[in-house]
Amino acid sequence: MNNIYTTHLETPPVDDYLRLRRNAGLTARSVAAAEAGLPNTVAAVVIRHDGTAVGMGRLIGDGLFYQVVDIAVEPAHQGRGLGKAVMAALMEQARRLAPAEAYVSLIADGRASELYAQYGFAPPPP
């Protein structure tokens, strides 16, 4: 990631959240669902380019169990290390917030699992 991007430790606004999910090919969510879910974010990261959100990720949880969710990068900005920057910032926040015995998980599909493996995530055994 280079200096044309800025990293913000904040929950994305509903409109940015919905746009980033849609554009990154994630399952669409309704405004009502986003408005209900986003306030329950434990930690989040938004990557901005010229003030516009182009990447995001969230950490949700209850203090003992956490899940990494909503990792999304605008297609025009993919391949520039933004996904890595989001994951690094989220994992730093998880280390800061979660007790040592906390369980941090995520669900990945396709090639995304290659990114997450760099942060210690592995598929569960059968």
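The structure this text deals with has already been given above.
Residues numbered from 1 in each chain as written. Predicted model: local features only at pLDDT ≥ 70, side-chain atom pairs only at ≥ 80, totals over all residues. Heavy atoms only, no water.

> Looking at this structure, I do not really get the pairing of strand β2 (residues 43-49). What am I missing?
In the case of a regular strand, side chains alternate between the two sheet surfaces. In terms of burial, β2 is a largely internal element, six of the seven residues being buried. Alignment of strand β1 (residues 5-8) against β2, held across four bridges, turns out to be antiparallel. What sits directly across from Tyr-5, in β2, is His-49. Note: β2 against strand β3 (residues 52-61), seven bridges, orientation antiparallel. Its bridge partner lying in β3, Ile-47 is registered against Gly-55. Joining the antiparallel neighbours β2 and β3 is a turn of two residues, in which Asp-50 adopts a positive phi near 55 degrees. (Buried < 20%, exposed > 50% of the residue type's maximum accessible area, 1.4 Å probe, protein only. Helix = DSSP H or I, 4+ residues; strand = E, 2+ residues; numbered from the N terminus. Pairing = 2+ DSSP bridges.)

> Would you take a moment to explain helix α1 (residues 14-23) for this structure?
Each turn of an α-helix holds 3.6 residues, which means side chains three or four residues apart point in the same direction. Every buried residue of α1 is accounted for by Asp-16, Tyr-17, Leu-18, Arg-19, Leu-20 and Arg-21. Looking at the buried side of α1, the elements it contacts are α2 (31-37), β2, β3 and β4 (65-73). (Contact = heavy atoms within 4.5 Å.)

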